[in-house]
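# Summary of the model geometry
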Amino acid sequence: MKTNVEFEWWKDLDLNYSGENNFASFFSSGGNIHTYPAKAVPDMILSLLKKLKEQYGIKKVLDPFMGSGTVALEARYLGLDFYGSDLNPLSILLSRTKALTVNNAADVEKALINFSEKLIITYADHKLVDLVYFEKINFWFKSKNIQELSFIKAQCDKFLGSCPKKNRETYALILLTAFSSTIRESSLTRNNEFKLYRMSPNDVEKFEIDSLLVFKEKVSNLMSMLVEANKDSYNKALTEIKMQNAKDLSVFYNKKIDLILTSPPYGDSQSTVAYGEFSKLSLQWSKDLLAKYLDIRTQAENVDEHLLGGKKSLSSISLKMILRRSNTFKELFKTMRDTCKIDIKDLINAKISLNIMQDNIEKGVFEFQYFEGDNIVFELLKERTRLEYFRKLNAETTLKNREVKKSAISMRDEFFEQLRQEPQNEILLDEIINRIPAVRETINRRIKAIPRRIKSVIHFFKELYLVVEQTDKVLDDQGIQAWIVGHRTVLGSITVDMAGILNDWFVSLGYNKITTLHRQYSFKRLPHHINSTITRKNEIKTMMQEHIIVVRKNVSKDNAIIMAE
């Protein structure tokens, strides 16, 4: 049980920061070194670390889901030793860069700025450039940018191969981080998305960027931020970063970790944040240089399959085990199972209704009021109509993506209003008939997908429990665990109480609950609402609040005996 004293420590801690999600908490950078999905807020991390250091004497911090390295940098600022791991090669690059100690900063900055400026001058004289190639490169990049990025990569390789060994790692971290960020900015991806979506044809046509100038700016900005960070940080603090699966933290077993501070994925990459998909283009361009100069090995370009809940991520733990360890998860499992039965029954009935409607249209006895009796069929037909208009407009017009979406919705509404007025209009009814096979296929696909979705949720939590067990093995007695999580929605309407599940698991392992804190999102790029998978009609609130659970490990039996003696 938490004591009144501990409660008072946390009561006045305000974590609802607003403003920009900067590079670090301890100076205003006005930006960041590289975009990355679902980054933690530096100010929040600093506040948590300060509080935990003050109250519990924390000295060594581990983050097994390191991401872009926010915890690494803030821990270093406070003079705490940091240990971190992740499976994403881009995460390793960014975290090592963030935590980098730049010796002889003035000389390093001068050398790299000169290099980036010289690139622009020498590029004009290069008539031939060996072009990088990988599958679909011409889909994601314009030929001009492929040539510019290929030149940057070749020159980085040449520069790093010839520079003094004592500076090579520093130069490589800075240049390859700037290169990765330039790749992202030079691509034809919709940059406000973390999954790989190509710009609309109209936006592709208008897209124009000079990759060489972008790279020069990235190098300059990154150097400025690193120099500033090095002024304020305790450079004697230890930083150890590993490319390691969080389900196996044995490399940290003997480190005497006294704090786990982490923000795990909230679900598998397919249904939440696709870290691997976000990183894919950067790795396709630079994986050979990452291995050559930084020993960062890319085992798979699609790392999502190997992350928690991924297709190629395996776990041996049983469902019975995690059900027994958490009443919260047990209730989630029951709710998902009951919802699955209801949804599948509704979809089977919708299929029957669809067949009856098709038969009535073909017999010439269709009435628009029929739609009011079966909401699923009506909404699916509306969605199919919207999608067809969207695809047609997207291919033919010069409208922006947002305008295309708006126009498609308007055209869909006009179509069904006309059908309401003219229910026997053969042209309109023929369009409905033509859309019925696609709607039927959507229903069939959904019937198969619902049970698979439940399996994927279970698979994710089985793997997450293995991570919890591993963090327990790494953590010293009386150590603290602080996990930052969000409550996601599955199957359209079921809220997953992730904080409750984790609290249950830690209590089952003998931990004492200290507190659970709550804060509103202000930085993570999440929509306020998403549409349901089947009809896109019902808006569902996304995770607009974070929950930070704080627990403390009890003294193990063996150590209790030693302490008593």
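Residues numbered from 1 in each chain as written. Predicted model: local features only at pLDDT ≥ 70, side-chain atom pairs only at ≥ 80, totals over all residues. Heavy atoms only, no water.

### Observations regarding the overall build of the protein chain
This is how it is decided: Numbering of helices and strands runs from the N terminus, with a helix taken as a DSSP run of H or I at least four residues long and a strand as a DSSP run of E at least two residues long. Categorising residues by exposure relies on relative accessible area from a 1.4 Å probe, with only protein chains included: less than 20% of the type maximum marks a residue as buried, more than 50% marks it as exposed, and the intermediate range marks it as partly exposed. By the convention used here, residues are in contact when the closest approach between their heavy atoms is within 4.5 Å. Per-residue and other accessible areas follow the Shrake-Rupley method at a 1.4 Å probe size, with only the shown protein chains counted as cover for residues.
Along its length, the protein chain carries 19 helices and 11 strands. For the protein chain, the residues scored as buried account for 52% of the 565 residues in total. Contacts in the protein chain between residues at least 24 apart in sequence constitute 77% of all its contacts with a sequence separation of at least 6. Just so you have it, the protein chain exposes about 27000 Å², and 49% of that area is on carbon and sulfur atoms.

### Section: the confidence of the model for the protein chain
Our working rule: A score from 0 to 100, pLDDT tells how confident the predictor is in each residue.
When the pLDDT values of the protein chain are averaged, the result is 87; 87% of them are 70 or greater. Ranking the elements of the protein chain by mean pLDDT puts strand 9 (residues 529-531) last with 43 and strand 1 (residues 60-63) first with 98. Counting interchain partners and residues more than four positions distant, the pLDDT-below-50 stretch residues 1-5 has six contacts. For residues 525-533, every residue scores under 50 in pLDDT, and the model assigns this stretch 30 contacts once sequence neighbours within four places are set aside.

### A closer look at the sheet that holds strand 1
Rules: Two strands qualify as a pair provided DSSP detects at least 2 bridges between them. Every axis in this analysis is a line fitted to C-alpha atoms, fitted for helices over the stretch in contact. Angles between the N-to-C directions lie between 0 and 180 degrees.
Taking strand neighbours across the sheet as the criterion, the seven strands line up as 3-2-1-4-5-11-8 in an open arrangement whose pairing is mixed. Two strands in the sheet have a free side with no partner beyond their single neighbour: strand 3 (239-243) and strand 8 (511-520). Averaged over all pairs of adjacent strands, the angle between strand axes in this sheet comes to 15°, irrespective of strand direction. When strand 1 meets strand 2 (residues 81-86), the two strands line up parallel, connected through four bridges. Within the sheet, the bridge partner assigned to Asp 63 lies in strand 2 and is Gly 84. Contacting strand 1, strand 4 (257-262), strand 5 (475-486), strand 8 and strand 11 (545-553), helix 2 (residues 42-56) crosses the sheet at an angle of about 155° to strand 5. Sitting on the sheet, helix 17 (residues 426-474) is in contact with strand 1, strand 4, strand 5, strand 8 and strand 11, with an inclination near 150° to strand 5.

### Section: the pairing of strand 1
Here is the rule: Every crossover in which the path from the first strand over the helix to the second runs clockwise, viewed with the strands pointing away from the viewer, is termed right-handed.
For the crossover that starts at strand 1, traverses helix 3 (residues 70-77) and ends in the parallel strand 2, the hand is right-handed. Both strand 1 and strand 4 contribute to a ladder of two bridges, which runs parallel. Counterpart to Leu 62 in the pairing with strand 4 is Ile 260.

### Digging into the packing of aromatic side chains
Here is the rule: Each pair of aromatic rings taken from Phe, Tyr and Trp, with Trp reduced to its six-membered ring, is defined by centres within 6.5 Å and is described as stacked if the planes are under 30 degrees apart, edge-to-face if over 60, and tilted in the remaining cases.
For the coordinates displayed, the defined rule picks out 19 aromatic pairs. Consider the rings of Phe 368 and Phe 378, whose centres lie 6.0 Å apart with planes at 85°: the pair is edge-to-face. Placement of the pair is Phe 368 in the loop between helix 13 (327-363) and helix 14 (369-372) and Phe 378 in helix 15 (residues 375-396), with a sequence separation of 10 residues. Take Phe 368 and Phe 378: they sit in the same class, and that class is buried. With 5.9 Å between their ring centres and 65° between their planes, Trp 483 and Phe 506 make a pair best called edge-to-face. Of this pair, Trp 483 sits in strand 5 while Phe 506 sits in helix 18 (residues 498-508); the two residues are 23 residues apart in sequence, bridging distant segments of the chain.

### Notes on the packing of helix 5 (residues 105-123) against helix 8 (residues 165-186)
Under the convention used in this document: Throughout, the term roughly parallel applies to angles under 35 degrees, roughly antiparallel to angles over 145, roughly perpendicular to angles from 65 to 115, and oblique to all others. Less than a right angle of anticlockwise turn of the near helix away from the far helix marks a crossing as left-handed, whereas a clockwise turn marks it as right-handed. Note that Gly is not counted as nonpolar here; it falls among the polar residues with everything else outside the nonpolar set of Ala, Val, Leu, Ile, Met, Phe, Trp, Tyr, Cys and Pro and the charged set of Asp, Glu, Lys and Arg.
Packing of helix 5 against helix 8 leaves a shortest axis separation of 11 Å and a crossing angle of 45°. Of the possible angle classes, the one that applies to helix 5 and helix 8 is oblique. As for how helix 5 packs across helix 8, the hand of that crossing is right-handed. For the pair helix 5 and helix 8, contact is made by Val 108, Ala 111, Leu 112 and Phe 115 and by Thr 170, Tyr 171, Ile 174 and Leu 175, respectively. Broken down by class, the residue content of the contact of helix 5 with helix 8 amounts to seven nonpolar, one polar and no charged.

### Remarks on the side chain of Lys 553
Worth spelling out the cut-off: In the analysis that follows, any N or O atom pair within 3.5 Å is treated as a polar contact, provided that within protein one partner can donate a hydrogen and the other can accept it, and provided that, for residues neighboring in sequence, both atoms belong to side chains.
Here Lys 553 is to be found in strand 11. Judged by relative accessible area, which is 13%, Lys 553 ranks as buried. At a separation of 2.8 Å, a polar atom in the side chain of Lys 553 contacts the main-chain carbonyl oxygen of Leu 475. With sequence-adjacent residues up to four places away left out, Lys 553 is seen in contact with Asp 472, Leu 475, Asp 476, Asp 477, Gln 478, Gly 479 and Tyr 511.

### Examining the packing of helix 5 against helix 7 (residues 143-162)
Closest axis-to-axis distance for the helix 5/helix 7 pair is 11 Å, and the angle between their directions is 135°. It follows from the interaxial angle that helix 5 and helix 7 lie oblique. In this structure, the crossing between helix 5 and helix 7 has a hand that is right-handed. Contacts between helix 5 and helix 7 involve Leu 112, Phe 115, Leu 119, Thr 122 and Tyr 123 on the former and, on the latter, Gln 147, Glu 148, Phe 151, Ile 152, Gln 155, Cys 156 and Phe 159. Grouping the constituent residues of the contact of helix 5 with helix 7 by class yields eight nonpolar, three polar and one charged.

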